[in-house]
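# Coordinate analysis (summary)
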Amino acid sequence: MADFRESLRNALQAKRSLTASTTQTYVSLLSSLQRKLGDEENRAVSFFKDNKKDILDHVEGLEKPQTKKTLLSALFVLTSDDDYREKMLSTMKVVNDHYKQQKTNPDRLKNLMSFEEVKRLHDEFKAAWKSHPTDPNFFNLLISSLCSGVVMPPRRVIDYAVMKLSKYDRNTDNYYEKGKFYFNVYKTKKSHGKQEVVVPPEIVKLINKRKKMNGLAPYLLYNDEGDVYSQSALSKKIKRLFRGNSQDVLRSIFISHLYEGLPAVSHLQDIADTMGHSIDSALAYYVKKD
């Protein structure tokens, strides 16, 4: 199985320059698909071209459009097959139309907090650290400061799971240096390149405290056992801290709060279509904030 996953990884990377996280996602989805539909004893990359009809039938039966889109993207990158491409594009339209409706997934509503509730939780972490300055309380506050949206706009989990304070490569690592975060590892690196973000003073103070902790180097974040977080483990930690709300949900809460009062995207799109321009053009060139 390991050899097959490595074959998939090599085949994907030969076709297109993908981020490490995207490659990992594609390999996982494709390997799982072959295991469900193919021969466990005869695993080969050619399976995805030779069994296209069965694969497309299987994809059609998947419940979540987002999962369909990602799997079809992986299939198209791997095979360059036009049938996969056409199905991918049609599924992307379904997904994009759903996003324009701005409807909340019912699963998210089970634990969904308001931004004010997120802020109250952050204040609780701050009070806990002040009254009981233990390492676990410190890291709870640091993670909340980075990921909740209360102190700075929240990024994806991977961005901080691999953040380094020392022994970093400025060209390949995410790292902190002189009051700034530098991001080389993040989802949209291919489009945006290396990013440089000024760190708020409140977090700089926490990082300075973090640097003085004995035996913890070179990463910014460590769990209660003193081990580096994997992306999955940090995701679970954030979900526990915020009472069932994932990092993706926290990002949604932050953006919804930031854009509170903004007309619905579908309405903005209708107006933009009537005026003969795009929403991006409306915001960039016509909306004035003097």
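Scroll up for the structure.
So, here's what we can say about the structure. Treat the numbers as computed from the prediction; the structure is a model and nothing was measured. Residues take numbers from 1 onward in each chain, read along the sequence in its written order. Side-chain atom pairs in this predicted model are given and counted only at pLDDT of 80 or more, local residue features only at pLDDT of at least 70, and totals for whole chains, interfaces and linings cover all residues. Working from all heavy atoms in the structure, the side-chain values ignore hydrogens and water.

### Considerations on the pattern of salt bridges
Here a salt bridge means any side-chain nitrogen of Lys or Arg lying within 4 Å of a carboxyl oxygen belonging to Asp or Glu. In this structure the tally under the stated criterion is 12 salt bridges. Glu6 serves as the salt-bridge partner of Arg9, at 3.0 Å between the closest nitrogen and oxygen. A residue pair is termed a helical-turn pair when its members lie 3 or 4 positions apart in one helix, as Arg9 and Glu6 do in helix α1 (residues 2-15) at three residues. Glu6 sits in the partly exposed class, given a relative accessible area of 37%. With a closest N to O distance of 3.1 Å, Asp57 and Lys53 form a salt bridge. Placement of both Asp57 and Lys53 in helix α4 (residues 52-60) is noted, with a separation of four residues, approximately one turn of the helix. What you see here is one network of salt bridges that share partners, running through Lys52, Asp81 and Asp83. Helix and strand labels come from DSSP, where a helix needs a run of H or I of at least four residues and a strand needs a run of E of at least two; each type is numbered from the N terminus. Note on classification: 1.4 Å probe, protein chains only; a residue is buried when its accessible area is under 20% of the maximum for its type, exposed when over 50%, partly exposed between these limits.

### Some points on the sheet that holds strand β1 (residues 163-164)
Strand order in the open sheet formed by four strands is β1-β2-β3-β4, and the pairing between neighbours is mixed. Each edge of the open sheet is held by one strand with a lone partner, namely β1 and β4 (195-198). The pairing criterion for strands is at least two bridges between them, as found by DSSP. Pairing between β1 and strand β2 (residues 174-177): two bridges, direction parallel. Across the sheet, residue Lys164 finds its bridge partner in β2, namely Tyr175.

### Quick look at the nonpolar core
Generally speaking, nonpolar side chains in soluble globular proteins are found buried as a group. For the purposes of this section, nonpolar cores are sets of buried Ala, Val, Leu, Ile, Met, Phe, Trp, Tyr and Cys residues that join through side-chain atoms within 4.5 Å. Among the nonpolar cores identified, the biggest contains 43 residues, and Leu146, Tyr160, Phe181, Leu220, Leu221 and Phe242 are the most heavily contacted of them. Put simply, the parts of the chain that give this core at least two residues each are α8 (115-131), α9 (135-147), α10 (157-161), β3 (180-183), α12 (201-211), α13 (231-241) and α14 (247-258). Broken down by element, this core gets its largest block of residues, seven residues, from α9. In this structure, Leu220 is in contact with Phe139, Leu142, Leu146, Met163, Lys164, Leu165, Phe181, Ile207 and Arg210, ignoring residues within four places of it in sequence. If you look at the next biggest cluster of nonpolar residues, it comprises 21 residues, including Ala11, Phe48, Ile55 and Ala74. The contact criterion used throughout is that any non-hydrogen atoms of two residues lie within 4.5 Å.

### Considerations on a nonpolar patch on the surface
The grouping of Ile255, Leu258, Tyr259 and Leu262 at the surface amounts to a nonpolar patch, some 390 Å² of accessible area in total. Inspection of the secondary structure puts Leu258 in helix α14. Here the term patch refers to residues with relative accessible area over 30% and no salt bridge, with like charges joined within 9 Å and nonpolar side chains (Val, Leu, Ile, Met, Phe, Trp, Tyr) within 5 Å. To be clear on the numbers: accessible area is Shrake-Rupley with a 1.4 Å probe, and residue cover counts the displayed protein chains and nothing else.

### Things to note about the packing of aromatic side chains
Here a Phe, Tyr or Trp ring, Trp counted by its six-membered ring, pairs with any other such ring whose centre lies within 6.5 Å, and the pair is stacked when the planes are under 30 degrees apart, edge-to-face when over 60, and tilted otherwise. Scanning the model with the defined rule gives 12 aromatic pairs in all. An angle of 65 degrees between the planes, with centres 5.4 Å apart, marks the rings of Tyr160 and Phe181 as edge-to-face. One end of the pair, Tyr160, is in helix α10; the other, Phe181, is in strand β3, and 21 residues separate them in sequence. With respect to class, Tyr160 is no different from Phe181; both count as buried. Through a chain of ring-to-ring contacts, the aromatic side chains of Tyr160, Tyr176, Phe181 and Phe183 assemble into a single cluster. Of note, Arg155 hangs over the ring of Phe183, and the distance from its end group to the ring centre comes to 3.6 Å. Lying over the aromatic face of Tyr186, Arg155 brings its terminal NZ or CZ to 5.2 Å of the ring centre. Counting as a charge over the ring demands two things of the Lys NZ or Arg CZ atom: a distance within 6 Å of the ring centre and an angle within 35 degrees of the ring normal.

### With respect to α9
For α9, which comprises 13 residues, the first-to-last C-alpha distance of 18 Å matches the rise-based estimate of 18 Å (1.5 Å per residue) to within 8%. Most of α9 is tucked away, with 11 of its 13 residues classed as buried. Every buried residue belonging to α9 is among Asn137, Phe138, Phe139, Asn140, Leu141, Leu142, Ile143, Ser144, Ser145, Leu146 and Cys147, and all of these are buried. Buried residues in α9 make contact with α8, α10, β3, α12, α13 and α14. Gly149 lies just past α9 and shows a positive phi near 95 degrees. For a helix, the expected span equals 1.5 Å multiplied by the residue count minus one.

### Points about α14
Residues that lie three or four places apart on an α-helix share one face, since the helix turns once every 3.6 residues. Between its terminal C-alpha atoms α14 stretches 16 Å, which fits the 16 Å expected from 12 residues at 1.5 Å a residue. Turning to α14, its buried residues number three or more, namely Gln247, Val249, Leu250, Ile253 and Phe254. Taken end-on, α14 shows its buried residues confined to a sector of 160 degrees, consistent with a single buried face. In this description, one arc is meant: the one made by directions from the helix axis to the C-beta atoms.

### A few points about the environment of Asn171
As for its placement among the helices and strands, Asn171 is situated in the loop between β1 and β2. Separated by 85 residues in the primary sequence, Asn171 and Ser256 place their C-alpha atoms 34 Å from one another.

### Quick look at the pairing of β3
The pairing of β2 with β3 spans three bridges and is antiparallel. Paired with Tyr176 across the bridge in β3 is Phe181. Once β2 ends, the chain turns through two residues before running back antiparallel as β3, passing Lys178 with a positive phi of about 50 degrees. Note: β3 against β4, four bridges, orientation antiparallel.

### Observations regarding the packing of α8 against α9
To describe two helices that pack against each other, one gives the angle between their axes and the distance between the axes. α9 packs onto α8 with a crossing angle of 150 degrees between their chain directions and a minimal axis gap of 8 Å. It follows from the interaxial angle that α8 and α9 lie roughly antiparallel. You can see that α8 and α9 cross each other, and the crossing is left-handed. Note on element contacts: α9 touches α8 through Asn137, Phe138, Asn140, Leu141, Ser144 and Ser145, opposite His122, Phe125, Lys126, Ala128 and Trp129. Residue composition of the contact of α8 with α9, by class: five nonpolar, five polar and one charged. In this analysis an axis means a line fitted to C-alpha atoms, helices contributing only their contacting stretch, and an angle means the value between N-to-C directions, from 0 to 180 degrees. Angle categories: roughly parallel below 35 degrees, roughly antiparallel above 145, roughly perpendicular from 65 to 115, and oblique for all the rest. By convention the crossing between two helices is left-handed if the near helix lies anticlockwise of the far one by an angle smaller than a right angle, and right-handed if it lies clockwise. In this count, Pro and Cys sit with the nonpolar residues alongside Ala, Val, Leu, Ile, Met, Phe, Trp and Tyr, while Asp, Glu, Lys and Arg are called charged and the others, Gly among them, polar.

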